[in-house]
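Tertiary structure, described
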Amino acid sequence: MDFSLTEEQEAVREAARDFSQTHLLSGVVDRDSKALFPKEQVKMMGELGFMGMMVSPKFLGGGMDTVSYVLAVEEISKVDASCSVIMSVNNSLVCWGLEKYGSEKQKEKYLKRLASGEILGAFCLSEPEAGSDATSQKTTAMDHGDYFLLNGTKNWITNGGSAEVYLVMAQTEPGLGHKGISAFILEKGYEGFSVGKKEDKLGIRSSDTHSLMFADVKVPKDNLIGSLGFGFKFAMETLNGGRIGIAAQALGIASGAYELALAYSKERKTFGKHISEHQAIQFKLAEMATLIDAARLMVLRAAYLKDLNQDYADASARAKLYASEIAMKVTVEAVQIHGGYGYVKEYHVERLMRDAKITQIYEGTSEIQKIVISRGLIR
């Protein structure tokens, strides 16, 4: 087994690390405190090719593999998890879904602009009464001949206020349950489409999360993705890849907190010596490093299986489950190692701890990941 990275993969990781340290770090505390959307930073990510990394160059993407993508997500997440989730949604959910299942016309019209970073995309599945239960969609899209008429509400939509293109799941045949769910492409300017207030969140505060409302929105027939009734499969297939991105985000948050704690332990002195010389701190650091190493191997394995076009649903669920759990554990320990300074914003670890929590919630809670994994085991 070869665990080494290619020269190209190493270069991607180095580019992401350099971008994060040079362009994200300086303003990250202020953006978090004021919940400021990182508009300029997202624009730069597009210019550097981070917004459509796995998309074919034919559609202005980077044509990179999934391993390169997760390496970049990890490095960006170490510094600013808000930027990484914006990037992750655009890559894993929106661009991948359109390239895999969209028509050539849809790709030409939307995917090129999304992959190049010219515009942002959003993935719209969750609803007030249908978060983890994706089968219970209340949003409807009724056939009116030349168009579908969309009505309903979506909740917890990342990039909800800043996106220009939205992939929306809706019931086209309510009597068929999940087999009656279809997927559509919406543009922000459609009449009857409105964006709710930005959510005031615990973590990933500078990413914008909104509710979306649809009141008799006319959606062109050309904007149906695939066929009628394909929406649930589309959402589930897309989320399998999305979990790899979220696992990489959780890994980055954990490794960023660990690196800060390790550096601090070599600077802070108590009882006449650096705290890194105290066995209690050494034990914490050793466990943190081991947990992170295990999570990284799981994330890379899921990405590698995806690149091989093998079934990666189970691997992505396991990686997301484990990485999100260790993100919480490691960030809490990083705050503990910093002591009182860990509670202060300028030392970053308290923000990473707040950011870590959401990785256990979105793309399906830990319990949902266990259901996905157990179904595979039973089969």
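Look a little higher up for the structure.
On to the overall build of the protein chain. From N to C terminus, the protein chain includes 11 helices and 10 strands. Here the protein chain has a C-alpha radius of gyration of 21 Å; the compact-globule value for 379 residues is 21 Å, and the two agree. Each principal axis of the C-alpha distribution contributes one length, and for the protein chain these read about 80 × 45 × 35 Å. Taking all 379 residues of the protein chain together, 53% fall into the buried category. If you take every contact in the protein chain between residues at least 6 apart in sequence, the share linking residues at least 24 apart comes to 74%.

The residue Thr172 is located in the loop between strand S4 (165-171) and strand S5 (181-187) in this model. A polar contact is formed between the side chain of Thr172 and the side chain of Ser182, at a distance of 2.8 Å. When neighbours within four sequence positions are excluded, Thr172 is seen to be in contact with Ala141, Met142, Phe148, Gly180, Ser182, Phe184, Leu228 and Gly229.

One turn of the α-helix equals 3.6 residues, which is why residues spaced by three or four share an orientation. Taking 1.5 Å of rise per residue, 26 residues should cover 38 Å, and helix H9 (residues 313-338) covers 37 Å from first to last C-alpha, within 8% of that figure. A positive backbone phi angle near 65° is found at Gly339, which sits one or two residues after H9.

By size, the foremost hydrophobic cluster in this structure holds 110 residues, and its most contacted members are Met87 and Leu186. Per-element tally for this core: the top contributor is helix H7 (residues 231-265), with 16 residues. Look past the residues within four positions of Met87 in its chain and what remains in contact with it is Met45, Phe50, Met51, Met53, Tyr69, Ala72, Val73 and Ile76.

Right, let's talk about the packing of H9 against helix H11 (residues 366-378) for a bit. For the pair H9 and H11, the least separation of the axes is 9 Å and the interaxial angle reads 145°. In this structure, H9 crosses over H11, and the sense of that crossing is left-handed. The residues of H11 that touch H9, namely those facing Ala313, Asp314, Ala317, Arg318, Lys320, Leu321, Ser324 and Glu325, are Ser366, Gln369, Lys370, Val372, Ile373 and Leu377. The residue makeup of the contact of H9 with H11, split by class, is 6 nonpolar, 3 polar and 5 charged.

This part is about the pairing of S5. Summarising burial for S5: 6 of the 7 residues are buried, a large majority. Where S5 meets strand S8 (residues 224-225), 2 bridges bridge the pair, whose relative direction is antiparallel. Bridge pairing in S8 places Ala183 opposite Ile225.

This part is about the packing of aromatic side chains. Under the criterion given, the structure shown has 12 aromatic pairs. On the numbers, 6.3 Å between centres and 90° between planes, the contact of Tyr264 with Tyr347 is edge-to-face. Placement of Tyr264 in helix H7 and of Tyr347 in the loop between H9 and helix H10 (349-358) is noted, with a sequence separation of 83 residues between them. When its relative accessible area of 9% is taken as the criterion, Tyr264 is described as buried. For Tyr347, a relative accessible area of 27% gives the class partly exposed. Clustering of aromatic rings is evident, with ring pairs tying together Trp96, Tyr101, Phe123, Phe230 and Phe234.

Moving on, we come to the pattern of salt bridges. Using the criterion set out here, one finds 24 salt bridges in the structure. Here Glu10 makes a salt bridge to Arg13, at a shortest N to O gap of 2.9 Å. Of the two residues, Glu10 and Arg13 are both situated in helix H1 (residues 7-24); the distance of 3 residues between them amounts to about one turn of the helix. A salt bridge links Lys284 to Glu333, with the nearest nitrogen and oxygen atoms 2.8 Å apart. You can see Lys284 sitting in helix H8 (residues 279-307) and its partner Glu333 sitting in helix H9, a full 49 residues away along the chain. With a relative accessible area of 24%, Lys284 lands in the partly exposed category. Connected through shared salt-bridge partners, Glu14, Arg17, Glu75, Lys78 and Glu259 make up one network.

This part is about the pairing of strand S2 (residues 140-143). Direction of pairing for S2 relative to strand S3 (residues 147-158): antiparallel, over a ladder of 4 bridges. Paired with Met142 across the strands is Leu149, a residue of S3. Hairpin remark: S2 followed by S3, antiparallel, with 3 residues in the connecting loop; positive phi at Gly145, about 85°.

We now examine the state of the cysteines. Note on terminology: disulfide describes a covalent bond linking the sulfur atoms of two cysteines. Under the defined criterion, the tally for this structure stands at 0 disulfides. Of all cysteine sulfurs, the one in Cys95 lies closest to Cys83, which takes part in no disulfide; the gap is 16 Å. Here Cys95 is not disulfide-linked; the sulfur of Cys124 is the nearest cysteine sulfur, at 14 Å.

Before going further, it helps to examine the environment of Gly52. Here Gly52 lies in the loop between helix H3 (39-47) and helix H4 (66-79). Since its relative accessible area comes to 0%, Gly52 is described here as buried. Considering only alpha carbons, one finds Gly52 and Ala303, 251 residues apart in sequence, at a separation of 16 Å. Ignoring anything within four residues of it in the chain, the contact list for Gly52 reads Gly61, Gly62, Asn91 and Ala115.

Parameters at a glance
- Throughout this document, residue positions are counted from 1 along each chain, in the order its sequence is written.
- Since the coordinates come from a predicted model, pLDDT governs what is reported: local features require at least 70, and pairs of side-chain atoms require 80 or more to be given and counted, while whole-chain, interface and lining totals use all residues.
- Here the side-chain values reflect all heavy atoms present in the structure, with hydrogen atoms and water set aside.
- Runs of H or I in DSSP of at least four residues are treated as helices and runs of E of at least two as strands, each being numbered from the N terminus.
- The globule rule used for comparison is 2.2 Å times the number of residues to the exponent 0.38, while the radius of gyration itself is calculated over C-alpha atoms.
- Partly exposed residues are those whose accessible area sits between 20% and 50% of the maximum for their type, while under 20% is buried and over 50% is exposed, using a 1.4 Å probe and protein chains only.
- Any two residues whose heavy atoms approach within 4.5 Å are treated as being in contact.
- Whenever a nitrogen or oxygen atom comes within 3.5 Å of another N or O atom, the pair is scored as a polar contact, on the condition that within protein one atom can donate a hydrogen and the other can accept it, and that pairs from neighbouring residues in sequence are kept only if both atoms are in side chains.
- To estimate how far a helix should reach, multiply one less than its number of residues by 1.5 Å.
- Working definition of a nonpolar core: buried Ala, Val, Leu, Ile, Met, Phe, Trp, Tyr and Cys residues. They are joined through side-chain atoms within 4.5 Å.
- Every axis in this analysis is a line fitted to C-alpha atoms, fitted for helices over the stretch in contact. Angles between the N-to-C directions lie between 0 and 180 degrees.
- Crossing handedness follows the turn of the near helix against the far one: under a right angle anticlockwise gives a left-handed crossing, and clockwise gives a right-handed one.
- Amino acids are sorted into nonpolar (Ala, Val, Leu, Ile, Met, Phe, Trp, Tyr, Cys and Pro), charged (Asp, Glu, Lys and Arg) and polar (every other residue, Gly among them).
- Pairing between strands requires that DSSP locate at least two bridges from one strand to the other.
- Centres within 6.5 Å make a pair out of two Phe, Tyr or Trp rings, where for Trp the six-membered ring is used; the pair is then stacked when the planes are under 30 degrees apart, edge-to-face when over 60, and tilted otherwise.
- Every case where a carboxyl oxygen of Asp or Glu lies within 4 Å of a side-chain nitrogen of Lys or Arg is listed as a salt bridge.
- Cysteine sulfurs are considered disulfide-paired once they come within 2.5 Å of each other.

These results come straight from atomic positions and should not be treated as a statement about function.
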